[in-house]
Amino acid sequence: MAAPCGGKKCRIGPSILNSDLSELASECQRMMDSGADYLHLDVMDGQFVPNLTFGHPVVKCLRPKLPGVFFDMHMMVQKPEQWIQNMADAGANQYTFHYEATDDPTTCIRKIREAGMKAWVGIKPKTAVDVLVPLVDLVDMVLIMTVEPGFGGQKFMADMMPKISFLREKYTDLDIEVDGGVSPSTIQHCADAGATMIVSGSAVVNSENPKETITYMRDIVNQAIQKTPA
Ligand code: DX5
Ligand code: ZN
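Because the structure is predicted, anything quoted here is derived from the model rather than measured.

### Comments concerning the site of ligand 1
No. 1: Among the 19 residues in the neighbourhood of ligand 1, the closest are listed as G150, G153, D179, G201 and S202.
No. 2: At 3.4 Å from an oxygen atom of ligand 1 is found a side-chain nitrogen or oxygen belonging to S15.
No. 3: In the model, an oxygen atom of ligand 1 is placed 3.3 Å from a nitrogen or oxygen of the H40 side chain.
No. 4: At the level of secondary structure, the elements contributing two or more residues to the shell around ligand 1 comprise β2 (39–44) and β3 (71–76).
No. 5: The element contributing the most residues to the shell around ligand 1 is β2, with three residues.
No. 6: Residue composition of the shell around ligand 1, by class: six nonpolar, 11 polar and two charged.

Next comes the structure, spelled out in structure tokens:
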């Protein structure tokens, strides 16, 4: 399945963390029907973050219900190496691990690719963006967190935007994903800084009109991309 990235175009990946998880498949479908480009699935292990969600058994059940949908696995777990094969077998398309969660990011990236998934790496708010520089050429995308990972519905940290601008200036074509507190009222910051992959949870799932919310945010980001010199 083609990754929903590249080509300097905005993609919106709703996070279903704050949706009705007893209706996970239909909530995911509702997001796709509202114009989502991919789904952002938040996996938490109670160690890397102080919360628990779900793991590969749930992804395995979702896969046949959402054929053709790109699953962006946000792995907020300690020792991310341990779940790579399980997630690949369950039908995940890509595996975003946290830089802070492993001693050996390079091996983690290699194992993700060997398992047939896209490899993405993310950093928490307190981690300096420089740590990503040696990894940029090895991964398909980077994730800049704009909340402390663990919970949906938190306040957007606008002071993370310089990390995105720093990367955008250095790597014109890099796909940069932003996650945490992204909504119609904060999207302009992300767009101006140069983010292209937009994760938005509560703002989309709780919206009265998710299609309108997704379209609004996508338009703002695409307008910013068009203003950027090629
Ligand atoms: C936070 C998660 C996010 C979050 C997004 O730990 O990684 O994906 O649920 O939800 P909002 O947009 O509500 O912050
Ligand atoms: Zn997430």
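### Details of the pairing of strand β8 (residues 197–200)
No. 1: Burial along β8 is two-sided: the face carrying M197 and V199 and the face carrying I198 and S200 are both buried.
No. 2: Across four bridges, the pairing between strand β1 (residues 11–14) and β8 is parallel. Looking across to β8, one finds that G13 is bridged to V199.
No. 3: The pairing of strand β7 (residues 176–179) with β8 spans three bridges and is parallel. When the sheet's bridge partners are listed, E177 is paired in β8 with M197.

### So, the coordination of the zinc ion (ligand 2)
No. 1: Looking at the zinc ion (ligand 2), one finds its protein donor set to be H40 (NE2), D42 (OD), H74 (ND1) and D179 (OD), positioned 2.1 to 2.2 Å from the metal centre.
No. 2: Every donor counted, the six donor atoms about the zinc ion (ligand 2) form angles of 74 to 176° at the centre, which fits octahedral coordination.
No. 3: Donor residues for the zinc ion (ligand 2), ordered by position in the chain, follow H-x1-D-x31-H-x104-D. Pair noted here: H74 is in strand β3 and D179 is in strand β7, with a separation of 105 residues, a long-range link. When sorted by exposure, H74 lands in the same class as D179, which is buried.

### What about the packing of helix α1 (residues 24–33) against helix α2 (residues 56–65)?
No. 1: For the pair α1 and α2, interaxial distance at closest approach is 10 Å and the crossing angle is 50°. Taken together, α1 and α2 sit at an angle that is classed as oblique. In this structure, the crossing between α1 and α2 has a hand that is right-handed. Taking contact as the criterion, the partners of L24, A25, C28 and Q29 in α1 are, on α2, V58, L62 and K65.

### Some remarks on the pairing of strand β6 (residues 141–145)
No. 1: Counting buried positions along β6 gives five out of five residues, so the element sits mostly inside the fold.
No. 2: Side chains M141, L143 and M145 project from β6 onto one buried face, and the interleaved V142 and I144 project onto a second face that is buried too.
No. 3: Note: strand β5 (residues 118–123) against β6, four bridges, orientation parallel. Bridged to G122 within β6 is L143.

### Notes on the side chain of T146
No. 1: Relative to the helices and strands, T146 is located in the loop between β6 and α5 (161–170).
No. 2: From its side chain, T146 meets the backbone oxygen of G180 in a polar contact 2.7 Å long.
No. 3: When neighbours within four sequence positions are excluded, T146 is seen to be in contact with K155, F156, M157, M160, M161, V178, D179, G180 and V182.

So, how was this worked out
- Residues numbered from 1 in each chain as written.
- Chains lettered and ligands numbered in written order.
- Predicted model: local features only at pLDDT ≥ 70, side-chain atom pairs only at ≥ 80, totals over all residues.
- Heavy atoms only, no water.
- Near = heavy atom within 4 Å.
- Polar contact = N/O pair within 3.5 Å; in protein donor to acceptor, adjacent residues only side chain to side chain.
- Helix = DSSP H or I, 4+ residues; strand = E, 2+ residues; numbered from the N terminus.
- Nonpolar A, V, L, I, M, F, W, Y, C, P; charged D, E, K, R; others polar.
- Buried < 20%, exposed > 50% of the residue type's maximum accessible area, 1.4 Å probe, protein only.
- Pairing = 2+ DSSP bridges.
- Donors = N, O, S within 2.8 Å, 3.2 Å for Na, K, Ca; no water.
- Tetrahedral: all angles 85-135°; square planar, octahedral: opposite > 155°, others 65-115°.
- Axes fitted to C-alpha atoms, helices over the stretch in contact; angles between N-to-C directions.
- Parallel < 35°, antiparallel > 145°, perpendicular 65-115°, else oblique.
- Left-handed = near helix turned anticlockwise from the far one by under 90°.
- Contact = heavy atoms within 4.5 Å.

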